[in-house]
Amino acid sequence: MSGPLQIGFIPLVDAAALIVAADNGFCTGEGLDVTLVREVSWSNVRDKLNIGLFDAAHLLAPVAIASTLGLGHVKVPIVAPFNLGLNGNAITVSPALHAAIIAEIDGDRFDPMVTALALARVVAARRKGGAEPLTFGMTFPFSTHNYQLRFWMAAGGVDPDEDLRLVVLPPPYMVDSLASGHVDAFCVGAPWNSIAVDRGVGHILHFASDILARAAEKVLAVRQGWAQKNSDVVAALVRAAFRAAQFIEQPENRAEVARILAQPERIGVDADLIMRTLDGRLKISPDGSLRESSRYLLVGREDATRPDPVQAAWLYAQMARWGQTSVSREALATAKAIFRPDLYDTALGQPAPSSLGPLDSFGAFAGPAFSPDDIAGYLASFAVCRRGP
């Protein structure tokens, strides 16, 4: 192919492998000329990838599935040969909602079941008092953020479609929307939760890894037809991103990585905010309270970069659970085939693992065990797993 590769991204820390690959020489080392294009919204990234303005993109994993299945938009088959991150999201709430939830808590405030039940009591009290429903922001209808919010709320007996409002906001607009009172809470990736805390307008209630210990978040996405015509380029991109991810995970490189990501044309925030994310040591309240988690964001550790079709199956199941599609054996097979560990393994010159590990590796805090071979049975179990306040 001629000309530089055009790759779209959203200013989030989980774009780190792409940004570091492009800015720290890993792409050049693979013979790639890459131009990164910063976008504001996921719909922009999706649309420009779909019509060919982008050759590849930092993309929400569920959007790759929705695009391939033609859900909510035009049908454009996508493949994901590389996983850009596991986890990385958080639920941030306004000071007023934080106080209301804390007042209703009966148990460990970091236990998502405890807070879900407290939220249910807050929602019931507001309804009884005639108050407007709470409004939660999330980044896109087809997003892990949406499914993590819904999974958490429903476990406590809150119906996210009846008891409150879920609205779509681009990640860079989340903090201002919380500060202005347009939303009461949001679920978004780093660094926007930390920015809300630093500005004194929010409290991080949960790391999304409290809800799911291991959740595919963003992928390196390319159109299926483009990947077939440019297999060598795809393999080179995978190698560059893999080496960048390994570089990012070395503690001695964190300061350099934070400096690269902090550049105005990349994420454009203070490097200290990015360091907190990479170290998994976040300030969760304006009073300076800290919380640490080694699982907050996984970029290159724990085999995070290898695409897992079972993760795609789980995301497809959430789409079906919340009425975005119906359960179909054919659609499930298509969804799983989007995540391409074979392309990943070939690019890196490594054999496929002899064991795929446990099928239910998500570590969900509630609900039934997940089986990618019995989506209907998994979804039916939620009728008896939902709990009220």
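About the cut-offs
- Residues numbered from 1 in each chain as written.
- Predicted model: local features only at pLDDT ≥ 70, side-chain atom pairs only at ≥ 80, totals over all residues.
- Heavy atoms only, no water.
- Phe/Tyr/Trp six-rings, centres within 6.5 Å; stacked < 30°, edge-to-face > 60°.
- Helix = DSSP H or I, 4+ residues; strand = E, 2+ residues; numbered from the N terminus.
- Buried < 20%, exposed > 50% of the residue type's maximum accessible area, 1.4 Å probe, protein only.
- Expected span 1.5 Å × (residues − 1).
- Polar contact = N/O pair within 3.5 Å; in protein donor to acceptor, adjacent residues only side chain to side chain.
- Contact = heavy atoms within 4.5 Å.
- Axes fitted to C-alpha atoms, helices over the stretch in contact; angles between N-to-C directions.
- Parallel < 35°, antiparallel > 145°, perpendicular 65-115°, else oblique.
- Left-handed = near helix turned anticlockwise from the far one by under 90°.
- pLDDT = per-residue confidence, 0-100.
- Pairing = 2+ DSSP bridges.
- Core = buried A, V, L, I, M, F, W, Y, C linked by side-chain atoms within 4.5 Å.

## Focus: the packing of aromatic side chains
Now for step 1: Considering all chains together, one arrives at twelve aromatic pairs under this definition.
Now for step 2: Arranged with centres 5.9 Å apart and planes meeting at 70°, the rings of phenylalanine 151 and phenylalanine 365 form a pair that is edge-to-face. Separated by 214 residues along the polypeptide, phenylalanine 151 in helix H7 (residues 144–155) and phenylalanine 365 in the loop between helix H16 (341–348) and helix H17 (375–385) bring together distant segments of the chain.
Now for step 3: Ring geometry for tyrosine 378 and phenylalanine 382: centres 5.0 Å apart, planes at 85°, overall edge-to-face. Of this pair, tyrosine 378 and phenylalanine 382 are both found in helix H17, four residues apart, which corresponds to roughly one turn of the helix. Pair check on accessibility: tyrosine 378 and phenylalanine 382 agree, each one buried.

## Some details on unusual backbone geometry
With glycine set apart, most residues show a phi of negative sign, and most peptide bonds adopt trans.
Now for step 1: The step from alanine 190 to proline 191 runs through a cis peptide bond, and the omega angle for that step is 15°.
Now for step 2: Mapped onto the elements of the fold, proline 191 is located in the loop between strand E8 (185–189) and helix H9 (192–198).
Now for step 3: Residues other than glycine seldom take positive phi values, yet aspartate 303 does so here, at roughly 60°.

## What about helix H14 (residues 309–321)?
Now for step 1: In a regular helix each residue adds 1.5 Å, so 13 residues correspond to 18 Å; H14 covers 18 Å between its end C-alpha atoms and thus fits that length.
Now for step 2: Counting buried positions over the 13 residues of H14 gives twelve, a clear majority of the element.
Now for step 3: Two or three places before valine 310, at the opening of H14, aspartate 308 has a side-chain oxygen 2.9 Å from that residue's backbone nitrogen.

## What about the environment of proline 172?
Now for step 1: Looking at where proline 172 falls in the secondary structure, it is placed in the loop between strand E7 (165–168) and helix H8 (174–179).
Now for step 2: In sequence terms proline 172 and alanine 66 are 106 residues apart; their C-alpha atoms lie 23 Å from each other.
Now for step 3: The contacts of proline 172, once residues within four sequence positions are left out, are Pro11, Val40 and Trp192.

## Description of the packing of helix H4 (residues 61–69) against helix H15 (residues 329–338)
Now for step 1: The contact between H4 and H15 brings their axes to 9 Å, and the two run at 130°. Taken together, the axes of H4 and H15 lie oblique to each other. Here the hand of the crossing between H4 and H15 comes out right-handed. Along the contact surface, H4 presents Ala64, Ile65, Thr68 and Leu69, while H15 presents Ala331, Thr334, Ala335 and Ile338.

## Overview of the confidence of the model for the protein chain
Now for step 1: Chain-level statistics for the protein chain give a pLDDT mean of 94 and a share of 96% at 70 or above.
Now for step 2: Per-residue pLDDT stays below 50 along residues 384–389; that stretch engages in 20 contacts with residues further than four places along the chain or on separate chains.

## Points about the pairing of strand E10 (residues 216–223)
Now for step 1: Within E10, eight of the eight residues are buried, which leaves the element mostly enclosed by the surrounding structure.
Now for step 2: As paired elements, strand E3 (residues 56–60) and E10 share four bridges and run antiparallel to each other. Bridge assignment links leucine 59 to a residue of E10, and that residue is valine 219.
Now for step 3: Where strand E4 (residues 78–87) lies against E10, six bridges are found, and the strand directions are antiparallel. Looking at E10, one finds that leucine 86 is bridged to alanine 216.

## Focus: the sheet that holds strand E5 (residues 89–93)
Now for step 1: As summarised here, the arrangement of the five strands in space is E7-E6-E8-E5-E9, forming an open sheet in which the pairing is mixed. Either end of the sheet is taken by a strand with one partner, and the two such strands are E7 and strand E9 (203–207). Across the sheet, the mean angle separating the axes of adjacent strands is 25° when strand polarity is ignored.
Now for step 2: Pairing of E5 with E9 involves four bridges; the strand directions are antiparallel. The residue of E9 that forms the bridge with valine 93 is histidine 203.
Now for step 3: Sitting on the sheet, helix H5 (residues 95–104) touches E5, strand E6 (135–138), E8 and E9, and the angle it makes with E9 is about 60°.

## Quick word on the nonpolar core
Now for step 1: Residues Phe136 and Trp152 are the most contacted members of the largest nonpolar core, which totals 148 residues.
Now for step 2: Of the residues forming this core, the biggest block, twelve residues, is contributed by helix H11 (residues 231–248).
Now for step 3: Leave out the neighbours within four places in its chain, and tryptophan 152 touches Ile91, Pro112, Thr115, Ala116, Leu119, Phe136, Leu205, His206, Ile211 and Phe365.

## Some details on the side chain of threonine 115
Now for step 1: Tracing the chain through its elements places threonine 115 in helix H6 (residues 112–129).
Now for step 2: Within the local environment of threonine 115, its side chain forms a polar contact with the side chain of tryptophan 152, the two groups lying 3.0 Å apart.
Now for step 3: Setting aside anything within four residues of it in sequence, one finds threonine 115 in contact with Ile101, Ile105, Arg109, Trp152, Leu205 and His206.

## Overview of the environment of threonine 115
Now for step 1: On the basis of relative accessibility, which here comes to 0%, the residue threonine 115 falls in the buried class.
Now for step 2: Put simply, threonine 115 and isoleucine 105 are ten residues apart on the chain and 6.4 Å apart in space, counted from C-alpha to C-alpha.

## Here's the deal with the sheet that holds strand E13 (residues 297–298)
One key point about sheets: their strands pair by backbone hydrogen bonds, in either a parallel or an antiparallel sense.
Now for step 1: The mixed open sheet is built from six strands, whose spatial order is E2-E1-E3-E10-E4-E13. Two strands bound the open sheet, and with one partner strand each, they are strand E2 (34–38) and E13.
Now for step 2: Bridge count between strand E1 (residues 5–9) and E2: five bridges; the pairing is parallel. Across the sheet, leucine 5 pairs through a bridge with valine 34, a residue of E2.
Now for step 3: Contacts from H11 reach E1, E3, E4 and E10 within the one sheet, and its direction differs from that of E4 by about 5°.

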